[in-house]
Every structure is written in C-alpha cells, then in structure tokens.
Amino acid sequence: MRGFLLLTVLLSLCNSLHAQDWDRRHRFAKSYFGVSTFVSPSMQNGSFANASGEVVQYERSGFLSPAVNIGATHFWGHADFYISINTSAIKLGDDELENSIYLGTFTGLRVYPLPSKPGNIRPYLGYKFSPLRSRQTDVSGQKYRFTQVKSVFDVGLGWQLPNFYVTIEYGRVVNPSFDTYLSRTIQGRDRFPTQLLQIGLNYTIDSTQPANTKASRAANELFSGTNQYGFFFGIGPSAAFPIASSEYITEQYPFLDDRAMPRIFPDLVVGYHFTKTDLVTALSFRPMTQKREAYGFEQTINRNSLILEAYQFLGDYHGFAPYLGIGLSYENLQLSEVDNGTSISDVTQNKFSPAVVFGWDIRPSEKGDWWVLRTNLRYSPFLRFSHREQDLSLQHLEFNFIQFVMYPQRRKKVSG
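Residues numbered from 1 in each chain as written. Predicted model: local features only at pLDDT ≥ 70, side-chain atom pairs only at ≥ 80, totals over all residues. Heavy atoms only, no water.

A. Quick look at helix 3 (residues 214-224). Looking only at helix 3, the buried set comprises Ser 216, Ala 219, Asn 220 and Phe 223. Mapping the buried residues of helix 3 onto a view down its axis gives an arc of 105 degrees, with all of them on the same face. The exposed residues of helix 3 that point more than 90 degrees off its buried face are Lys 214 and Glu 221. (Buried < 20%, exposed > 50% of the residue type's maximum accessible area, 1.4 Å probe, protein only. Helix = DSSP H or I, 4+ residues; strand = E, 2+ residues; numbered from the N terminus. Arc of directions from axis to C-beta.)

B. Quick look at the packing of aromatic side chains. The final tally for this structure, using the stated rule, is 26 aromatic pairs. Between Tyr 248 and Tyr 253, the aromatic rings sit 5.8 Å apart at their centres with planes inclined by 70 degrees, giving edge-to-face as the arrangement. Relative accessible area serves as the criterion here: at 0%, Tyr 248 is assigned to the buried category. Owing to a relative accessible area of 12%, Tyr 253 belongs among the buried residues under this scheme. (Phe/Tyr/Trp six-rings, centres within 6.5 Å; stacked < 30°, edge-to-face > 60°.)

C. Geometry of unusual backbone geometry. Non-glycine residue Tyr 295 carries a positive phi angle of around 50 degrees. Residue placement: Tyr 295 occurs in the loop between strand 17 (279-294) and strand 18 (297-313). Residues other than glycine seldom take positive phi values, yet Asn 340 does so here, at roughly 50 degrees. Within the secondary structure, Asn 340 is located in the loop between strand 19 (320-339) and strand 20 (342-362). Its relative accessible area of 54% is what places Asn 340 among the exposed residues.

D. Broad picture of the pairing of strand 13 (residues 187-191). Only one face of strand 13 is buried: it carries Gly 188 and Asp 190, and the other face, with Gln 187, Arg 189 and Arg 191, is open. Hairpin connection, strand 12 (residues 177-181) to strand 13: the antiparallel pair is bridged by 5 residues. (Pairing = 2+ DSSP bridges.)

E. Quick peek at empty space enclosed by the protein. Counting across every chain of the model gives 3 cavities of 30 Å³ or more. Its volume calculated, the largest cavity comes out at about 130 Å³. Contributions of two or more residues to the lining of the largest cavity are made by strand 2 (46-49), strand 9 (121-137), strand 10 (143-160) and strand 12. Counted by class, the lining of the largest cavity contains 8 nonpolar, 6 polar and 3 charged residues. (1 Å grid on protein atoms, 1.4 Å probe; cavity = no way out; pocket = protein on both sides within 12 Å on 5 of 7 lines; lining within 4 Å. Points joined across faces, edges and corners; volume = space filled by probe spheres on them. Nonpolar A, V, L, I, M, F, W, Y, C, P; charged D, E, K, R; others polar.)

In short, the description is geometric, and any link to function would need to be established separately.
The structure is reproduced here in structure tokens:
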C-alpha cells in the first residue's frame with residue numbers, strides 16, 4: 001500500500017516539472033469500465049481435522065474469478081489506475097470438502113514505459129493488492145474464514161483500440177502462506193494461490209477531451225477567481241482495510257478472522273469548496289459492517305461514522321490534484337456476539353475520533369468543471385472498541401477509489 005501511494009506521488013511530482021498547458025491537460029486521462037477473469041489453474045492440497053481430531057489432507061482444484069473493472073489511464077498513457085471487483089469464484093473441479101478462495105477487490109497500478117496508445121500493444125509492469133479470503137467447511141458443516149491483504153506483482157501486455165482496452169497479465173502473489181484454524185483449538189498451515197492469470201476487456205470513455213471548449217475555459221476563469229459556486233455533494237463505493245490486530249480477538253478468540261474486512265459501503269458527502277484558495281470543508285457519512293464467524297461463533301460490529309473534515313489541495317499537475325487534511329468523526333459503534341445461538345454480548349459505544357484525510361481529484365479544466373472524480377482515503381489512528389478490558393481495533397484505512405462529485409451551482413451557472 002505504501003509503495004502504491006509513493007509511486008502516485010512520484011508520478012505527480014515528475015509531471016509538475018512541465019508547464020501547465022490547456023490542450024495537454026485535456027489529454028491527461030481516459031476512463032474505462034469492463035470485465036476481467038482471474039484464473040488460478042491449480043492449488044496445493046488443503047487440510048482439515050477429522051472426527052478424531054487428526055489433520056488430514058485433501059486435493060483442491062483451481063478456480064476462476066470473474067470481475068468488474070473500473071479505471072482510467074493517466075499521464076498520457078504511462079499509468080493505469082484501476083479497481084477490479086471480484087465476484088464469486090467458480091471451481092474448476094469437485095473437491096472432497098467445500099472450500100473457496102475469494103479474491104476481493106483488487107486496487108492496482110500498471111506502469112507503461114512506452115505510453116499506451118490506440119492501435120499499439122505495449123508491455124507493462126504492475127502492482128495490485130486485495131484482501132484474499134479463504135473459506136472452508138469442516139466435517140461437521142461449520143464454516144471458517146481467514147482474510148489477509150496480499151500484494152501481487154504483474155507483468156503484462158496492454159492493447160489499446162479506438163474504443164476498447166485489452167489487458168493480459170501474469171501475477172505472482174507475495175507471501176501466500178498463512179496459519180489457519182481447523183477447529184477452535186487445532187491449527188494448520190494453508191496457502192493462497194501463488195500465481196494468477198488475468199485477461200480483461202474494457203470499454204474506454206474520454207471524459208477529458210470533450211471538456212476542451214471555449215465554455216470550459218470561460219468557466220475556469222470565472223470559478224478560479226471567486227469562492228462562490230463551491231457547494232458540492234458526492235457519492236461513491238468505499239472499502240476499509242484493517243491495519244492493526246485486535247488484542248481482544250487474538251487473546252479471547254484466536255480462531256476468528258482477526259483482519260476480516262467490512263463489507264463494501266457507500267461514502268456520502270456534502271461540502272463546500274473554497275475554489276479561490278482550493279480549500280474544502282465537508283461532512284461525510286459512511287455506514288460499515290464488519291463480521292467475523294467461525295465454528296459456531298459470530299461477531300458483528302456496526303459502525304456509523306459521521307466525519308467533519310477539512311483538506312487543502314496541494315497543486316494541480318495537468319489535471320491531477322492531490323490534497324491533504326484532517327477530520328474529526330463521531331462514531332456510533334455497536335458490538336454483538338453470538339456463541340452457538342446464544343447471545344453473549346450486545347454493547348453500544350459512542351465516541352469522537354481524529355482522522356487523517358488525503359486523496360486526489362481528476363480535473364479536466366482545472367476549476368471549471370461542474371463534476372469531478374475524487375479519490376478519498378481516511379485513517380483513524382486511535383479508533384478502538386473497548387470490551388471486557390481489552391480492545392477491538394477499528395484502525396482501518398478507508399479507501400474510496402472513485403467518488404462522483406457534483407457542483408450544482410457551477411452547473412447552473414454554466415448551463416444558464
């Protein structure tokens with residue numbers, strides 16, 4: 001994750017050395033959406049605990065995983081930022097025991113040494129990360145899950161057509177092995193796929209070049225010189241990555257999935273953009289549900305977070321505008337636990353928590369657009385749920401990859 005963010009910053013700083021150019025910034029990015037198929041042709045043997053408590057191995061077949069892609073090529077074809085939202089895996093054979101690997105949502109970057117252009121096939125190097133989840137059912141029918149965020153390094157080819165973008169790649173998973181529980185007390189060793197093949201077909205949309213008009217130039221001059229017309233609202237899908245272990249889980253219930261991710265959730269925002277100074281104040285709401293379950297034990301944490309935040313844009317590099325800021329959130333936290341059908345915990349806590357906020361906008365016309373695509377990341381370093389004199393960590397890195405942000409005052413001014 002740190003490498004992905006660092007590379008993003010380095011790319012933006014490199015491009016800041018070039019003078020701003022109106023025509024050049026309107027060729028900066030091209031969006032796309034489409035589908036992919038990830039394939040793991042083979043898996044190593046799995047293991048389970050039989051009725052006598054002995055660890056037994058069994059053969060596991062490979063699988064394929066269809067995914068939905070959303071992304072954009074940036075920096076005039078040199079970089080491709082994307083997410084691939086995986087659906088349910090399809091097994092390539094029948095196994096003795098019910099099991100599956102869920103690849104989660106990949107967030108990735110492809111770097112093209114030679115720019116990707118229509119009509120050309122170009123090689124690329126890539127990096128992506130995702131929570132990988134192992135699911136297995138034991139001989140008595142009880143289920144177990146284990147989640148870890150894994151990095152994947154890729155090599156591949158990208159083929160740009162006038163309206164389509166095709167990718168073919170080979171990826172190696174970093175550190176695929178992990179410890180697992182085969183019952184509440186028996187541990188084993190398992191492994192995620194070591195290699196992944198991918199083929200993707202995407203439809204491209206150029207949303208920046210059509211904004212290269214006299215009207216957008218005039219709007220940019222108007223909005224850049226005033227703090228009026230700054231009201232905005234937005235919505236986008238978001239994910240949260242646990243980045244710290246929970247003392248309560250590791251000591252009380254080590255067979256639970258400590259790093260279980262919250263489900264995908266919406267990020268709803270309303271705010272004001274002081275356009276002249278490029279400062280934003282906003283109020284954002286995110287409802288999150290994090291669930292752990294294994295061998296008859298279920299734990300659910302519902303988090304309703306309302307955050308007041310302020311952030312400053314740190315320049316505009318041909319349409320790539322990073323920002324950094326702080327926030328203070330009000331957290332409504334609810335914990336429930338059920339052990340083999342019996343409720344053992346039902347607790348609610350309310351608290352305030354500081355947060356760091358950062359991300360970037362993609363701006364075709366600098367400050368003249370009535371809508372933009374925004375990426376939000378948030379981190380609450382001190383957020384925890386205290387229960388039975390121990391802590392459940394809620395130190396999550398929230399990642400809202402693409403948020404659609406609309407400025408209704410700007411739209412009314414431009415269209416009126």
